[in-house]
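# What the coordinates show
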Amino acid sequence: MSKRIDVKDLNVYYSKFLAVEGVNINIAAKSVTAFIGPSGCGKSTFLRTLNRMHEVIPGGRVEGEVLLDGDNLYEPGVDPVNVRSQIGMVFQRPNPFPTMSIRDNVLAGVKLNGKKISRSDADALVEGSLRGANLWNEVKDRLDKPGSGLSGGQQQRLCIARTIAVKPDVILMDEPCSALDPISTLAIEDLINELKNDYTVVIVTHNMQQAARVSDKTAFFNIAGTGKPGKLIEYNETATIFSNPAEKATEDYVSGRFG
Amino acid sequence: MTTNALKSSGPSAGRAGDKIFSGAALGAGVLILLTLFAVAVFLFIQALPTFTADPAEISGGAGFFSYILPIVIGTVIAALIALAIATPIGIAVALFISHYAPRRIAGPLGYLIDLLAAIPSVIYGAWGYLVLAPALVPGYQWLAENLGFIPIFGGPASQTGKTMLTAGIVLAVMVLPIITSLSREIFLQTPKLHEEAALALGATRWEMISTAVLPFARPGIISAVMLGLGRALGETMAVALVLSTGGLIPSLIQSGNQTIAAEIALNFPEAFGLRLAELIAAGLVLFVITLIVNMIARAIIARHKEFSGAN
Amino acid sequence: MSLTKTTPQSETPLAPRRRNALSKGRMPGWAVPAIAVAAVILGAALSTLGGFAVASFAIYAALLFVIGATVATTVIEGKRRGKNALALYLIYGAFILALIPLASVIYTVLDKGLPGLNMHFLTSSMNGVTGAVDNQSVAEGTPVVGGAYHALMGTLLITLWATIISVPVGMLTAIYLVEYSKGGPLAKAITFFVDVMTGIPSIVAGLFAAAFFGIILGPNARMGIVAAVALSVLMIPTVVRSTEEMLKIVPNELREASYALGVRRWRTILKVVIPTAISGIASGVTLAIARVIGETAPILVTAGIASNINLNVFANWMSTLPTFIYYQILTPTSPTNIDPSIQRAWAAALLLILMVMALNLIARLVASFFAPKKGR
């Protein structure tokens, strides 16, 4: 189920503006990788290129290759819709569909695409996905209530369940806890630990403790100044990044001397 | 790498749906443009005989220009009467709702004024014809007796009340909600800080309004009045039913005068041939006039948009 | 700031003064009501001089009150407060003045429309109702014959067709502008011309449709569908504007969430964006219908006038409620006994107002009822 990602010489643009430059990174299957770095360094922008969400923004485009188990996402003829159904994404703010019930939110990826699914298969998928997102016990009695009625942390886990239900190979998370309280954050972090048994997880976070707690490997992004492109500075085992970084900039950042 | 697994598998069939749907959306937008273009061309073609015909054959017997000029003037007079009445009252009503009325009833009161806008124009016309016009007859007689030396109140006053002034008053009632609702929106956007600063300096409520609210809202008020003018110029029913039409005369309290919209409505059903072309040409003139007025209003709104952010 | 300790000067707190220093130089509370009473009495006296009339009484009383109260405030409290008081009276007065026509219109329509609005009126047309019939019913004192069934059906059919044309075109155009266009010249042109359409006088919209079909089908092509096209010209910009506004406030996050699940753009728009905005769109469409259902001028020049029932919008002339009202007033069926025609006109006016008010109410209910359920 889980696949690896290899990025080769990727440049990311907004129209003519080069936002991220020359990224090379290899992300192993069934692992958690954290992207850290100061605000505006391009870590979220780079994350969005991994499932072609970047090009949804007008003017957004890339140069270079992103390989999913050897298949290039950006090869001409590849349908971005196809890419996104294999590489799911969880966003900064929980965004369940307000017009749908909890159950329909989980089934959104299936139903919105107009696929037929039997009642029993749907029930199994809803339960499996919600269990996978550690939400089943909290919502099993109110599956037909609107998803927007849940608390922020529950909504975010609902969004994760919705992503799992599509059965992706990779799950991208863009600061998934930045809008949540500490207890909800803890629940999500526990969940990420479980998710890596089945999926490749890539998470952007501005919280270094979080990166240290959840990730196997960490990538540090930095920017030389406003208007300059962001770059991948250092990528290594999380323990190494936090205890013994090779680069001065990384050390300054993780020790809190700037950023 | 020989085959890319991402290329083939998956719901690629849906791709056609994307093309069809975006094509339909684009098509609808283009359809609007094409229709407007075709309509403009067709209108012009149908109006063309008016400009090529022998001037003696045009209504009035002196060519299109001398036919259209009096009714253009009549249109403008009716609209100006409406604005002269509706502007001060409309602004005052907007101020009442935004700054004077108790907050709890301000919303329902605003809705009440919006109701004025919801009433169909033909009902205003019927009301003007059957209720307002007879009620105004004594007032017109008084005006003719006491202010008859002013040309616009020249006697003898109409015995039916079906005059330009009545039509103007009905139009005023119809444009009032436009002016009120737009001005009210602008008044509510006045920065609270400016208002509180004025009050803190010991200003009375009226001084606060005249120093903080009105200057801030001036462009908004002007464009509201311009939009009201556009509506008054093009309004048909109030004039067609209320005004007893005739040639151009200065007195507003006698029967007489005519507007473009009413001229078309009253004569179109029986018109054919050259008369039809005349009326369509008159419609084009009305369109151009309202277009210019609306453009000016929108230009004012657009120019001041960046200042209305109230921050 | 000095830190000297202040010792209480007396055990008992200061008794409130009889005249508060803060209200010194202000008018006593009874002054304004007293001036109002005086103005009413004086106004009544003045208006009886020239034969008592409610209108002149109200004008005199209001003038006397505003002048009296303003002068009194100016003399006692000063010029600034005098001005403030004058503005207050004028603004309250303007509001009352603005309500008079509304009250008068609604009272008139109810008063004169209710007697004529009955089952006979709703179920019969004007077919066969001539001046002689009206003269007879007046002479014999029998109920008025003839109704507005044909016009009611005409209104419903023409408005229905206008809605069928405008809603898809208007909504798709709004979808193009919000979801697909990237602010290019085409989008700018469409926005500009939709603005132009908003300002088109309704009679000109009627001429548009008449000229358009006049060239295609020959002169005097008047039928329901031409009127429906004319109404569409008035309706489309309203639908585009309200749909555009509603689509714009759908959070981008929902679109991205859908894309990230591997959902195609058109399905995202149809199943996520539009359902989220549907209450606002439906309410906007209902208001657009309410706006065009009362239009008279465009119908006059496109659908003609009929006294019989015609349910086919693709052939022959048709009446609608507004044109029915217009012609009943302007050209009464019996020129010698106009009362039956006037009664029918007011009954139709009442019916029309009820329909417009119902549509406005529905729009409000739809907007609040189907609004997306807010969290917690």
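Residues numbered from 1 in each chain as written. Chains lettered and ligands numbered in written order. Predicted model: local features only at pLDDT ≥ 70, side-chain atom pairs only at ≥ 80, totals over all residues.

## Here we look at the overall build of chain A
The following threshold applies: Counting from the N terminus, the helices are DSSP H or I runs at least four residues long and the strands are E runs at least two residues long. C-alpha atoms define the radius of gyration, and 2.2 Å times the number of residues to the power 0.38 defines the globule rule. Remark: C-beta atoms are placed from the backbone, and a residue is labelled buried if 20 or more other C-beta atoms sit within 10 Å of its own, exposed if 12 or fewer do, or partly exposed between those counts.
From N to C terminus, chain A includes 10 helices and 10 strands. Relative to a compact globule of 259 residues, whose C-alpha radius of gyration would be 18 Å, chain A shows 18 Å and is just as compact. Based on the C-alpha atoms only, the size of chain A along its principal axes is roughly 55 × 45 × 30 Å. Counting over 259 residues, chain A shows a buried share of 50%.

## Some words on the overall build of chain C
Here is the rule we go by: Contact definition: two residues whose C-beta atoms, as placed from backbone geometry, lie within 7 Å.
Secondary structure summary: chain C contains 14 helices and zero strands in total. Reading chain C from its N terminus to its C terminus gives the helix and strand order α-α-α-α-α-α-α-α-α-α-α-α-α-α. Taken over C-alpha atoms, the radius of gyration comes to 31 Å for chain C, far larger than the 21 Å a tight globule of 376 residues would show. Here the C-alpha coordinates of chain C stretch approximately 95 × 80 × 40 Å along the principal axes. Buried residues in chain C amount to 47% of all 376 residues. Contacts spanning at least 24 positions in sequence make up 76% of the contacts within chain C whose residues lie at least 6 apart.

## Comments concerning the interface of chain C and chain B
So the rule is basically this: The classification used treats Ala, Val, Leu, Ile, Met, Phe, Trp, Tyr, Cys and Pro as nonpolar, Asp, Glu, Lys and Arg as charged, and all other residues, Gly among them, as polar.
Across the contact, 66 residues belong to chain C and 67 residues belong to chain B. For the side of chain C that touches chain B, the secondary-structure elements that each account for two or more residues are helix 3 (79–113), helix 6 (149–180), helix 7 (185–198), helix 8 (202–217), helix 11 (265–293), helix 12 (297–302), helix 13 (321–330) and helix 14 (339–369) of chain C. For the side of chain C that touches chain B, the element with the most residues is helix 3 of chain C, which contributes 18 residues. Its residues placed into classes, the side of chain C that touches chain B shows 49 nonpolar, 11 polar and six charged.

## With respect to the packing of helix 2 (residues 15–52) of chain B against helix 7 of chain C
Threshold: To get an axis, a line is fitted to the C-alpha atoms, and for a helix only the part in contact is used. The angle between two axes follows their N-to-C directions and goes from 0 to 180 degrees. Here the word oblique covers every angle except those under 35 degrees (roughly parallel), over 145 (roughly antiparallel) and from 65 to 115 (roughly perpendicular). When the near helix sits turned anticlockwise from the far one by under a right angle, the crossing is termed left-handed; a clockwise turn instead gives a right-handed crossing.
Axis separation between helix 2 of chain B and helix 7 of chain C bottoms out at 10 Å; the angle between their running directions is 55 degrees. Judged by the angle between their axes, helix 2 of chain B and helix 7 of chain C are oblique. Here helix 2 of chain B runs over helix 7 of chain C; the crossing is left-handed. Contact residues: helix 2 of chain B offers G29, I32, L33 and L36 of chain B, while helix 7 of chain C offers A189, I190, F193 and V194 of chain C. Of the residues in the contact of helix 2 of chain B with helix 7 of chain C, the class split is seven nonpolar, one polar and no charged.

## Some details on the interface of chain B and chain A
Counting residues at the interface gives nine residues for chain B, matched by 13 residues for chain A. Per-element accounting of the side of chain B that touches chain A gives the leading share, three residues, to helix 1 (residues 5–8) of chain B.

## Some points on the sheet that holds strand 1 (residues 5–14) of chain A
Residue and element names in this part refer to chain A. As a reminder, the rule being used: Strands pair, by our definition, only if DSSP identifies at least two bridges between them.
Strand order in this open sheet of 10 strands is 5-4-1-2-10-9-3-8-7-6, and the pairing throughout is mixed. Only two strands of the sheet have a single neighbouring strand rather than two, namely strand 5 (71–72) and strand 6 (87–90). Bridge count between strand 1 and strand 2 (residues 17–27): seven bridges; the pairing is antiparallel. The partner of L10 across the bridge, within strand 2, is V23. Helix 6 (residues 152–165) rests against strand 6 and strand 7 (170–174) of the sheet, and its axis sits at about 170 degrees to strand 6.

## Some thoughts on helix 4 (residues 119–132) of chain A
Residue and element names in this part refer to chain A. For the record, the criterion: Expected helix span is given by 1.5 Å per residue-to-residue step, counting one fewer step than there are residues. In this description, one arc is meant: the one made by directions from the helix axis to the C-beta atoms.
Taking 1.5 Å per residue as the helical rise, helix 4 with its 14 residues ought to reach 20 Å, and the 20 Å between its terminal C-alpha atoms agrees with that figure. Within the sequence span of helix 4, burial applies to L125, V126, S129, L130 and G132. One face of helix 4 carries all of its buried residues, which in axial projection span an arc of 155 degrees. Along helix 4, exposed side chains directed more than 90 degrees from the buried face belong to S120 and A124. Once helix 4 finishes, N134 follows within two positions and takes phi at roughly 55 degrees, a positive value.

## Let's talk about the environment of D190 of chain A
Among the structural elements, D190 of chain A can be located in helix 7 (residues 182–195). C-alpha of D190 of chain A to C-alpha of D69 of chain A: the two residues are 121 residues apart in sequence and 27 Å apart in space.

## So, the pairing of strand 3 (residues 32–36) of chain A
Residues and elements named next belong to chain A. The buried count for strand 3 comes to five of five residues, which makes it a mostly enclosed element. Sheet topology note: the strand 3/strand 8 (residues 200–204) ladder contains four bridges and is parallel. In the strand pairing of strand 8, V32 is matched with V201.

## What to know about the pairing of strand 10 (residues 230–237) of chain A
Where strand 2 of chain A meets strand 10 of chain A, two bridges bridge the pair, whose relative direction is parallel. By the bridge assignment, V20 of chain A is partnered in strand 10 of chain A with G230 of chain A.

## A look at the nonpolar core
Across soluble globular proteins, nonpolar side chains have a tendency to be buried as a group. Under the convention used in this document: We define the nonpolar core as any set of buried residues of the types Ala, Val, Leu, Ile, Met, Phe, Trp, Tyr and Cys, connected via C-beta atoms lying within 7 Å of each other.
One finds I123 and L171 of chain B together with A348 and A349 of chain C to be the most contacted residues of the largest nonpolar core, which totals 277 residues. In terms of residues, this core owes the most to one element, helix 3 (residues 63–100) of chain B, which gives 18 residues. Counting six residues, the second-largest nonpolar core is a separate cluster that includes A39, A61, F65 and A85 of chain C.

## Things to note about the packing of helix 2 of chain B against helix 6 of chain C
It is at 7 Å that the axes of helix 2 of chain B and helix 6 of chain C come closest, and there the two elements cross at 110 degrees. When the interaxial angle is binned, helix 2 of chain B and helix 6 of chain C end up roughly perpendicular. For the pair helix 2 of chain B and helix 6 of chain C, the sense of crossing is left-handed. The residues of helix 6 of chain C that touch helix 2 of chain B, namely those facing S22, A24, A25, L26, A28, G29, L31 and I32 of chain B, are V169, L172, T173, I175, Y176 and Y180 of chain C. Among the residues forming the contact of helix 2 of chain B with helix 6 of chain C, the class breakdown is 11 nonpolar, three polar and no charged.

## Some words on unusual backbone geometry
Residues and elements named next belong to chain A. One non-glycine residue, S15, lies in the positive phi region at around 50 degrees. Among the secondary structure elements, S15 is positioned in the loop between strand 1 and strand 2. A positive phi angle is found at K167, which is not glycine, with a value near 55 degrees. Relative to the assigned elements, K167 resides in the loop between helix 6 and strand 7.

## Here we look at the confidence of the model for chain C
Stated precisely, the cut-off is as follows: pLDDT measures how confident the predictor is about each residue, on a scale from 0 to 100.
Residues at a pLDDT of 70 or more form 90% of chain C, whose mean pLDDT is 85. Taken over the whole predicted complex, pTM reads 0.85, whereas the ipTM for its chain interfaces reads 0.89.

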